[in-house]
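Examination of the molecular architecture
Listed here are the chains, written in short residue letters.
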Amino acid sequence: MRALLVRLALDPGRVVTTDRLIDDLWPGEAPAHPMAALQSLVSRARREAPGVISSHPAGYVLDVPPGEVDAWAFERLVRAGDVHRALALWRGPALADAAGLPFATAPAARLEELRLTALATRIAADLSTTITAGSTTITADPSTTITAEPALTSTGTAAGDPAAGGSGLVAELEGLVAAHPLREPFHALLMRALTTQGRRAEALALFERIKAALADELGVDPGPELREAHLEALRDAEPKSNLPARLTSFVGRSEDMARLKSRLGGARLVTLVGPGGAGKTRLAVEAAASLHVPDGVWLVELAAAAGVRAALEGTLKTTDPVRALRGTAPLIVLDNCEHVIEEAATTARTLLSEVAGLRILATSREPLDIPGETLHHVLPLPEEKAVELFAERAAAARPDLRVEPEEAARICRELDGIPLAIELAAARLRTMPLSVLVRQLGDRLAFRGGRTSEPRHRTMRAVIDWSWNLLSDRERELLRGLTVFSGGATYEAISRVCGGDLDLLSSLVDKSLIAVSGERYTMLETIRQYAAADLPELRQAHARYYTELAEAADPHLRTGEQLKWLAVLDAEQGNLDAALRHSDDPLRVILPRLWPWIIRGRHREIGEQAAAMLRRVGDTPPPGRELAHGICRVLAGFAPTEAVLESDHPAALNSWALAGVGTPADVVSLTERQSGRLRDHPDLWTRSAALLAMGIVRFEYGAVAGAEDLLEPAVDGFRAVGDRWGQWAGLFWLSLVAENRGDFAAAVALAEEPERLATELSGLGTPLGPMTFLIRVGQLKGRAGDHAGAARALERAWESAVRSEDQAIIARVMHARAELARRTGHPDEAARLLEAALALDVEVSAQLRAYMNVELARVGEPREPLRRALELMATCSDRTARATVLEGVAEHLEPEAAAELLGAARELRGIGESADPHVNELAAKCRAALGEHGYRSASARGSAMPNPERYALRPLSSP
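Quick look at the structure, then.

Calculation rules
Residues numbered from 1 in each chain as written. Predicted model: local features only at pLDDT ≥ 70, side-chain atom pairs only at ≥ 80, totals over all residues. Heavy atoms only, no water. Axes fitted to C-alpha atoms, helices over the stretch in contact; angles between N-to-C directions. Helix = DSSP H or I, 4+ residues; strand = E, 2+ residues; numbered from the N terminus. Parallel < 35°, antiparallel > 145°, perpendicular 65-115°, else oblique. Left-handed = near helix turned anticlockwise from the far one by under 90°. Contact = heavy atoms within 4.5 Å. Nonpolar A, V, L, I, M, F, W, Y, C, P; charged D, E, K, R; others polar. Buried < 20%, exposed > 50% of the residue type's maximum accessible area, 1.4 Å probe, protein only. Pairing = 2+ DSSP bridges. Phe/Tyr/Trp six-rings, centres within 6.5 Å; stacked < 30°, edge-to-face > 60°. Lys NZ or Arg CZ within 6 Å of the ring centre and 35° of its normal.

Before going further, it helps to spend a moment on the packing of helix α33 (residues 664–678) against helix α34 (residues 684–700). Where α33 meets α34, the axes come as close as 9 Å, and the angle between the chain directions of the two elements is 160°. Judged by the inter-axis angle, α33 sits roughly antiparallel to α34. The two elements α33 and α34 meet at a crossing, and its hand is left-handed. Of the residues in α34, those touching α33 at V667, V668, T671, E672, S675 and L678 are T686, R687, A690, A693, M694, V697 and R698. Residues that form the contact of α33 with α34 fall into these classes: seven nonpolar, three polar and three charged.

Okay, structure coming up:
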C-alpha cells in the first residue's frame, strides 16, 4: 500500500495507468488476478487516506497539488536556491517505503544527489556565516577591506573556533567526508573550515589524502574548488599586530563589543569615551584583537608619551607614518588621548585625510571633536555584569572564599560599577576578610593595585588625579560645587546653586567627570568623594533652592497635577534629604515634605523624621516655625498644639490619628473639632480633606453609621479637584465600610478603583503597590461568590508576592488562597496553605495571625486555633478585626453563646443587621434553636459585654 502511494506521488496530479502500476508494484511476477489485486490495494489505501486517490478510466491519480508532495517541493526549493527549507523536508533515505522496487531506484538516486548538492550549498553558507558571525567587513575603498573576525561568545571564544559553532561544522563535514570519500565539494569545505579555525596543517594533510585517492580511484586531479581551498590554506593569514596578549578574562562587555564592532563597520574614527577606570583601553584592545586586518593592527600608547607623533613613529618604526601607511588599510588604536587631546585630534585628522584605507579606534576621557568622529560611551558595568567581574576576580584572589551574590551586588553598587574599582577591591580580599573590605568601601580612593600597574591606575585616587590635573581652575571649582547635589540635578538647579555656566558644564561632561541622563546632570559617587570639599555657603544655597522647590510643589499636590509633581519630588529625593540634613532652617524644609510622605504612605519615615527633627531643634519652636514644630510633636506622639489644631495645612488635618495620639475618645474629639472648623473652608480640597478625616475616624473608632455620609462627598470633592490620593483614600475607606456591613459586592466595586489609583500613586518607598489591593479584591470577590475572579486576582497577587520575596505579603496571599480553597470545596488544600503560612518565620500583624487561625478552625480541629485567635484579639484596638474573629468563633459554639458573640460583633462593627450571607445564615440557625425572643436576648447580652473575647474563651477552655 505504501509503495502504491509512493508510485502515485512520483507523478502527482497525473494519471498512472493500471498496467504501469501492476508492472511497478509486482515487477517479478504479477498476482493471479492483478486487476483485482490492484483494486483491493487502492481500496485499502483510500481507507487509510480518504480523498487522496482518484479513479480514472485508464488508471489512478494522486489527487493533490504537486506542492504538497515533499519530493516535488524538495526539488523545486533546491533549484530555487532555498536549500535550508529544502533540507528541512528530508526525513531519511528517499522513497524508503519502496526500497528494492525498480521504479524507485532512479528517482531515489536523483533525490539523494540533489540532497548532497543542497547539503554542500548549505554548509558553505553556514561556514561563510561562521567566519563573519558577529563581525563586520569594513570597506575602506574598492581595493581594500578590513574583515572583522567572529564576535566573542559568552564563554569568551570566537564563533568559528573549536569552542564555538565552527566546531559543529567541522564535525558534520568530517562525517560527510567519511561517508563520501571521493566527493570533492565536502573535502573543499572541510579544508576551509579547518583553515578558518587555524588548523592549516590538518587542512593541507586532508588535501594530500583526497588528491591521492582521486588519482588512485578515478585517475583524475583535484578540481578547481579543491585547488582554491588548498591555496587558502597555504596563505599566511596571521595579521600584523603589536597588541598585548590577554592576561585575565574579559568580563561584562559583550554588548559593548557588538556595538563597537558594528560602529567600526561604518565609521573611520570611533572614540571610546568614559570616566577613568571604566575599561576603555581593555575594551579597545579586545575589540581590535577580534578583528582580522591583513594590513595590521597597531596600538599606540599615549599615556607616557612625549607627543602623539613621536609615539606613532616609534610604534610604526618610521619617520613618515603617512607615507608608510598610504595604500594600506590598517587599524590604529590611539590609547589615552585626553592629556594630549589637541595633538591627538590634529594627528588623527591628518592620518584619516591622507590614508584612505585607515581606521582609527581612540580611547579618551573626552572626544577628539573632529569631523567623522563616532563616539562610543563606555559606562560603568550594570549590576549583573559587575557582580560577575567581582566574583571572578575575588575567586582569583581567594579561591576558598564564597561571596554571596547580594553582598557582591552591594559592593559593586558602592563602587559605582567601575571595573577598575571592582578589580582593586577584589584584589584586597587576598589580605583581609570580606567584612573588613565592606567597611573600607568609604575609603575606596585608596585601594591599591598590583606592583606592575601603571602609576595612573595604581589607585582610584590616581585615576581621578589624571582627569583633575587636566581641568582649569573654573572647571575644578564647578566640579567641587556639584558635589553638594545628591542623585543628580537639573541645569536650573546647578545654575541657581553653583552659578556654573553651560559651557563649563558641557566641558565636564565631555571630560567624563559628569554625565547627562535625561534632563539631569549626574556624577559617580567615586568622583563625588574625590572632589568633595567643605562648602557651607553652597550647602545653604542648595538647601534654600530645594526648600523652595518643595514649597512650590506643595499646592500642586492637591490638584490634577499631583502625579507630575510627585515625580519631580521623587527625582529630587536625594537632594531634598540632603537639604533637610544641612539646612540652617530644617523646620521650613520638613513642612512641605510631610504631605508627599503621607501621600506615598511612608508613615514609618514620617515618625522617624519627626522625632529626629525634635532632637535637633529642641522643645521650643523657633519664631515662625510653630506649625511645623507642632506637627512634628504630634507625629512623634505628643498632644497637638493650638498651632496644629487651628491650621488648615494638609499634614495637620488628622496627624494625631496617624500617630495614634491619646485615647480613641481624644482622637475623635480632636478630629471633630478641627473638621468642624474646616467644613466651611473656602477651598474645596480642604473641605473634602476635613470630611475624609472625620469619616475615617468615625469608622475606625466605632461611629460607623455616619462614615459613609462623610466619605462620599469627600470623594466627590477630590474628584472635582483631580486629587488621586484623596479619591484613593475615600474609596478605600468606603470599601471597608461596605465590607464591614457584609455587602461584599459593593466592597469589590469600591476596591477595584483604588487599586488603579494606588498603582498610579506608587513611587519611591511606597507600600501602595498593587499586591495589597489584589489580595483584598481577591478575598472580597470570593466572599461575594465570584470564585473565578477571586482566583485570577489572587494568582496575580501570588506572582507579585513571590517576585518581591516579601514573606509577610506571601503569608497574606496564602491566607487568602486558603480561604478561597475552603469556599470552593478543597479543605485539605486550605489546611495545607494555612499551616505553611503560620510556619513562616516572619512578623505579621496580630489581626492576620488571628484570621489565619479562625480559617484553620474551619478546616480542622477548631479548639486550639480558636483559642489562639481570641488571645491575639484580647488587646487589639481594631474593632472590625475583633468582630471578624468573634463571628468566626461563633460558628463553633452552642446557639446561645453563638448569638451572644454575634451581638458583640455587631456592636463592634457599629451596624444594625449584617448583609453578610454567612453571618445571616448563622443567625438564622440561632433563631431556630432559641426562638426570636431568646435570640434577641442573647444578642443584647453580647452587645453589652465589655470583653467578649474573654467570655468566648470559656467554652473553649472546658474539656
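So, next bit.
Attention now goes to the packing of helix α42 (residues 846–859) against helix α43 (residues 863–873). The contact between α42 and α43 brings their axes to 8 Å, and the two run at 160°. When the interaxial angle is binned, α42 and α43 end up roughly antiparallel. Where α42 crosses over α43, the handedness of that crossing is left-handed. Across the interface between the two elements, A846, Q847, R849, A850, N853, V854, L856 and A857 of α42 pack against P865, L866, R868, A869, L872 and M873 of α43. Split by residue class, the contact of α42 with α43 holds ten nonpolar, two polar and two charged.

What follows deals with helix α20 (residues 460–468). Side chains that are three or four residues apart share a direction in an α-helix, a result of its 3.6 residues per turn. The buried count for α20 comes to seven of nine residues, which makes it a mostly enclosed element. Among all positions in α20, only M460, A462, V463, I464, W466, S467 and W468 are buried. Buried residues along α20 sit against α18 (419–428), α21 (473–482) and α24 (525–531).

Looking now at the sheet that holds strand β12 (residues 489–490). With respect to topology, three strands assemble into an open sheet ordered β12-β14-β13, the strand pairing being antiparallel. For this open sheet the edge positions go to β12 and β13 (515–517), each flanked by a neighbour on one side alone. Relative to strand β14 (residues 520–522), β13 runs antiparallel, the two being bridged by three bridges. Paired with S517 across the bridge in β14 is R520.

Applying the stated criterion across every chain, the model contains eleven aromatic pairs. Summarising the aromatic geometry, the rings of Y545 and Y546 are spaced 4.9 Å apart at their centres and angled 85° between planes, so their arrangement reads as edge-to-face. Pairing W685 with F718 gives two aromatic rings, centres 6.0 Å apart and planes at 65°, and the pair type is edge-to-face. Remark: F718 occurs in helix α35 (residues 707–721) and W685 occurs in helix α34; sequence separation between them is 33 residues. With respect to class, W685 is no different from F718; both count as buried. Taken together through their ring pairs, the aromatic side chains of W595, W685, F699, F718, W725, W728, F732 and W733 make up a single cluster. In this arrangement the basic side chain of R558 is found over the ring face of W685, its NZ or CZ atom lying 5.3 Å from the centre.

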